[in-house]
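Each chain, written out:
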Amino acid sequence: MTIKFAKRMDNLKASEIRELLKLTEKPEIISFAGGLPAPELFPVEEMKRVAEEVLEESGMQALQYSPTEGYTPLREKIAKRMETIGIKAVAEDILITSGSQQGLDFTGKIFLDEGDLVVCESPSYLGAINAFKGYLPEFVEVTTDDEGMDMEELEKVLSTKKKVKFIYVIPDFQNPTGKTWSVERRKKLIELANKYDVPVIEDNPYGELRFEGTRPPAVKSFDTEGRVVFLGTFSKTFCPGLRVGWTLAEKDLLEKYIFVKQGADLQTNTMAQREINKFLDIYDLDQHIEKIKDVYRKRRNIMMEGIKLHFPQNLKYTYPEGGLFTWVELPAEVDARKVLEKAIEVNVAFVPGGSFFPNGGNENTLRLNYSNMSEEKIQIGIERLGRVLKEML
Ligand code: PMP
């Protein structure tokens, strides 16, 4: 039998991160590869009480089908939380999704025909690139520095290319670079999006994990024309296993997401939504986030001190003020995949940065995650990686 797959499958191959995550299952590996939260911080005991109370109080509803839009009390609470980053919203502006990843897939489905253009940061989140690829677009990468996208370059793209369907950005502690956009660039992005009449997708899973400084207002907070779709998630502030995220958008846009959600899976897990809502009722999520931040801040510190101490001098790297990742640029001629091969020999893993560039190149970069390993393992792993780098450079 010759199986004929859809054309979109030509574009999709196993993600490097997924392949690497398989390696991290070996206990001897010190992995800076994934983007996993620290599991010891998951509120397991609290969730036992939460699950019991949900089933006790509303077991029949919790195990039943529920509205596509999501559980209204949870949507109300999310809307309220959005105020802290300058977004005025009510429950009706929010669709609960199965993680923000589902919001990314829906974005592709809603906006992209074959050959359309997605404008994104260079580099960008691999999971989004892969989700969009299923809809056969082309990617236009815009150079990104410590303050966000280069706005002159963005304007050049928007003024010359006709098939741009949306601009995709991760403005807070970006995956993979750990960088955060300045307020000026956020405003300018909206100015250009308005001028060239393009939607903006603001993907923000990490903004709440800020270790120091103040959180800038969301890009969405500057949106006066309802052109920004904001994607949020409980994956990094609570736990990814429940798969609860949200899409926040103006009515006509959100309707499209709701319509597509119906076709995809009818609704997000009712029990999971009610559990998170119950947790928010009886516990203090912000207090929980403070605990996460205390742990990640220390791990970030250990990693950054280790890099300074053990990596070859004059490498460029991000000092992230929050989130889960730092990003290292090696000399142009060094291939991070080769470095990974050597690193694995000493039981250390990371993600070579090349796969975060949808149009390829930039093989001299790498992403390091500091949220998932203990301080001791970070120390040992960075020292080993430093040795590998010094041998190779
Ligand atoms: N966007 C970005 C930038 C991410 O890093 C991730 C998770 N790695 C997601 C979206 C998806 O997260 P989730 O589906 O768990 O909400």
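Reading the values: rules and limits
Per chain, the residues get numbers from 1 upward, laid out in the order the sequence is written. Whole-chain, interface and lining totals are the exception, using all residues; otherwise, since this is a predicted model, local features are given only for residues with pLDDT of at least 70 and side-chain atom pairs are given and counted only at 80 or more. Note: side-chain values were computed over all heavy atoms of the structure, leaving out hydrogens and water. Each helix is a run of H or I in the DSSP string that is no shorter than four residues. Each strand is a run of E no shorter than two, and both are numbered from the N terminus. Whenever two N or O atoms come within 3.5 Å, that pair is a polar contact, provided that in protein one can donate a hydrogen and the other can accept it, and provided that, for residues adjacent in sequence, both atoms are side-chain atoms. UniProt positions are given in the numbering used here, feature names are shortened, and annotations may be inferred rather than shown by experiment. Being paired, for any two strands, means DSSP has found at least two bridges between them. Residue contacts follow a heavy-atom distance rule, with two residues in contact if any of their heavy atoms lie within 4.5 Å. An axis is simply a line fitted to the C-alpha atoms; with a helix, the fit covers only the stretch in contact. Between two such axes, the angle follows the N-to-C directions and lies from 0 to 180 degrees. In a helix, the anticipated span is given by 1.5 Å times the number of residues less one. pLDDT: the predictor's confidence for each residue, scored from 0 to 100. Throughout, exposure labels follow a simple rule: accessible area from a 1.4 Å probe, protein chains only, divided by the maximum for the residue type, with under 20% read as buried, over 50% as exposed, and the rest as partly exposed. Salt bridges are identified by distance alone: a Lys or Arg side-chain nitrogen within 4 Å of an Asp or Glu carboxyl oxygen.

Draft legend 1. Layout of the environment of lysine 195. When you line up the elements, lysine 195 lands in helix H7 (residues 183-196). Residues lysine 195 and leucine 158, 37 residues apart in the sequence, show an inter-C-alpha distance of 9.3 Å. A distance of 2.7 Å separates the side chain of lysine 195 from the side chain of glutamate 155, its partner in a polar contact.

Draft legend 2. Region of the structure containing the environment of methionine 373. Topologically, methionine 373 is positioned in the loop between strand S14 (365-369) and helix H12 (375-392). The spatial distance from the C-alpha of methionine 373 to the C-alpha of phenylalanine 106 is 32 Å, given a sequence separation of 267 residues.

Draft legend 3. Structural detail: the UniProt feature "domain: Aminotransferase class I/classII large" (unreviewed entry) in the protein. What UniProt calls "domain: Aminotransferase class I/classII large" (unreviewed entry) maps, in this numbering, to residues 46-385. For residues 46-385, the helix share is 43%, the strand share is 16%, and the end-to-end C-alpha distance is 38 Å.

Draft legend 4. View of the sheet that holds strand S9 (residues 245-248). An order of S2-S9-S8-S7-S6-S3-S4-S5 is seen for the 8 strands of this open sheet, with the pairing classed as mixed. Both edges of this open sheet fall to strand S2 (94-97) and strand S5 (148-149), since each of them pairs with a single strand only. The sheet contact formed by strand S7 (residues 200-203) and strand S8 (residues 228-233) spans 4 bridges and is parallel. Bridge pairing in S8 places glutamate 202 opposite phenylalanine 230. Packing of helix H6 (residues 151-160) onto the sheet brings it into contact with strand S3 (117-122), strand S4 (138-145), S5 and strand S6 (164-169), and relative to S4 it is tilted by some 160°.

Draft legend 5. Representation of helix H10 (residues 285-310) in the model. Taking 1.5 Å as the rise per residue, H10 with 26 residues should run 38 Å; its terminal C-alpha atoms sit 37 Å apart, in good agreement. With a side-chain oxygen positioned 3.0 Å from the backbone nitrogen of aspartate 286, the residue opening H10 is aspartate 284.

Draft legend 6. Region of interest: the confidence of the model for the protein. Confidence in the prediction for the protein averages 96 pLDDT; 98% of positions are at 70 or higher. Prediction confidence for the complex, expressed as pTM and ipTM, is 0.96 and 0.99 respectively.

Draft legend 7. Focus on the pairing of S8. Counting buried positions over the 6 residues of S8 gives 6, a clear majority of the element. By the alternation rule, side chains of S8 split into Val228, Phe230 and Gly232 and Val229, Leu231 and Thr233, which are all buried. Two elements, S8 and S9, share 4 bridges in a ladder whose sense is antiparallel. Within S9, the position partnered with glycine 232 by the bridge is tryptophan 246.

Draft legend 8. Expanded view of the pattern of salt bridges. This structure, assessed with the given rule, holds 28 salt bridges. Lysine 278 serves as the salt-bridge partner of glutamate 57, at 2.7 Å between the closest nitrogen and oxygen. With glutamate 57 in helix H2 (residues 44-62) and lysine 278 in helix H9 (residues 270-282), this residue pair connects regions lying 221 residues apart in the sequence. By relative accessible area, glutamate 57 is classed as exposed at 54%. Owing to a relative accessible area of 12%, lysine 278 belongs among the buried residues under this scheme. Among the ionic pairs, lysine 179 bridges to aspartate 146, the shortest N-O distance being 3.5 Å. One end of the pair, lysine 179, is in the loop between S6 and H7; the other, aspartate 146, is in the loop between S4 and S5, and 33 residues separate them in sequence. The network of salt bridges with shared partners includes Arg49, Glu53, Glu57 and Lys278.

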